[in-house]
Structure formats: C-alpha cells, structure tokens
Amino acid sequence: GSERIARYAFELAKRTGKKSVAVVHKANIMKLTDGLFLRTTEEVAKDFPGIELRNLIVDNCCMQLVMRPEQFEIIVTQNLYGDILSDLCAGLVGGLGIVPGANIGKDVAIFEPVHGSAPDIQGQNKANPTALLQSACMLLEHVGEIEKAKSIYAALVKTLSIPSNRTGDLGGSASTTSFTQALIANL
C-alpha cells in the first residue's frame, strides 16, 4: 500500500508537470510504521529522477503549510496525517465548505466534499455548495472533461467574487438556492 500511494504521487507529479513531492511522516517516533512508509517512498522516488522528494515530519509540515503553503505541490502521507493536514489547509482557504475531496484508486475514484453531508444544517437552505461543485470539477478533470470543469470553476469564481452570493460560512447571507441561481446565471 505504501508503494502504491507513493508511486501514484510521483506519477501524478510527472503527469501534471510538478517538480516536487513532499513525504509527510513521523518516522522519528513511529519508527516501524512511518519508517516503512518513508523508506518505501524514498525507494519509489529513485524511479523519478526529475522530481525532488522533500522529507517533512508532520509537525513541521503543519507549520510550513501555515507560513508558506505555496512551497508545496504534492504531499504524500498516510491517512491520519492526511486528515489532519486537509483540515488545516481547509482552514487556510476559508473552511470545509469550499474544499473538494477525491479518493482515487486504480479502478475506482470517488469525489466528494471533505465536510461530508453536514446533517446539522440539513433542510435549512444554508449549505455552501462550493465544495460539492469543486469535487464535481475534479471528477470532470479525472474523466478528461477539462473544458467543462474549467467552465464550472470560472462560474464559481465569478459567483464567489460577489459578496452577496456568499453563504453564511463565508460571511455572506446567501441561501443555497440563491447561490445556485447566481452560479447558473454565471455559467
């Protein structure tokens, strides 16, 4: 499993023209499990000489993401650290309501907002559909519909650029319905 995810990260970097992959771990303490993950990633990196492997302990990675997030292109890590880092990054860009998610395997891919179904606001017409829309854009890109994804994303950016279109989690007062109507008009 460690080799499969590390290889996917490097293949993704190669396919998308990225120059580096950061492996995030706690191998200084979790010597067996994280150590295996780190060593495996280092071995896989040898097959991709044009891509730099950056080695970061999860604590330092969190600080670096807050201070200089632009330094990261692709991060490969284990599930626990991925959950922590994804919520930290969501906080940096506005919250869980706007962050897309993807679980991509060899034969199956699932795209969904990272926040889940938000049952606490079900039926109240105040959910922010941005994360769902961005997840749909990722799905479209995954299946090769790049122009359709770009079109939806451009409409989303245009919609969010107007403060009155933003839902409550982004400091606005728009309902899910009015946000969606604005997005459709911009599409």
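In what follows, the structure referred to is the one given above.
Quantities reported herein were computed from a predicted structural model and do not represent experimental measurements.

How each quantity is defined
- Residue indices begin from 1 for each chain and proceed along its sequence in written order.
- Predicted model: local features are reported for residues with pLDDT of at least 70 only, side-chain atom pairs are reported and counted for 80 or more only, and whole-chain, interface and lining totals are derived from all residues.
- Side-chain metrics rest on all non-hydrogen atoms present in the structure, leaving aside hydrogens and water.
- Salt bridges, as used here, are contacts in which a Lys or Arg side-chain nitrogen is within 4 Å of a carboxyl oxygen on Asp or Glu.
- For the purposes of this entry, the term helix denotes a DSSP run of H or I that reaches at least four residues, the term strand denotes a run of E that reaches at least two, and both are numbered from the N terminus.
- Accessibility here uses a 1.4 Å probe with only protein chains present; expressed as a share of the type maximum, an area under 20% marks a residue as buried, one over 50% as exposed, and anything in between as partly exposed.
- A cavity here means a set of points on a 1 Å grid, drawn over the protein atoms and nothing else, where a 1.4 Å probe fits but cannot get out; a pocket is an open set with protein on both sides within 12 Å along at least five of seven lines, and a residue lines either one if it has an atom within 4 Å of a point.
- Grid points are joined across faces, edges and corners, and a volume is the space filled by probe spheres set on the points.

(A) Up close: the pattern of salt bridges. Evaluated as defined, the whole model comprises seven salt bridges. Salt-bridge contacts for Glu3 lead to Arg7; the nearest nitrogen and oxygen are separated by 3.5 Å. Taken together, the positions of Glu3 and Arg7, both in helix α1 (residues 2-16) and four residues apart, correspond to about one turn of that helix. A relative accessible area of 44% means that Glu3 is categorised as partly exposed. The closest approach of N and O atoms between Lys150 and Glu147, which form a salt bridge, is 3.8 Å. Of the two residues, Lys150 and Glu147 both sit in helix α6 (residues 146-160), three residues apart, roughly one turn of that helix.

(B) A look at the layout of surface pockets. Estimated volume of the largest pocket: approximately 2,200 Å³. Forming the walls of the largest pocket are 46 residues, and the residues nearest its centre are Leu12, Ile75, Ala102, Ile104 and Met138. Broken down by secondary-structure element, the contributors of at least two residues to the lining of the largest pocket are α1, β3 (74-76), α4 (79-93), β4 (100-104), β5 (109-113) and α5 (130-142). Per-element tally for the lining of the largest pocket: the top contributor is α1, with 10 residues.

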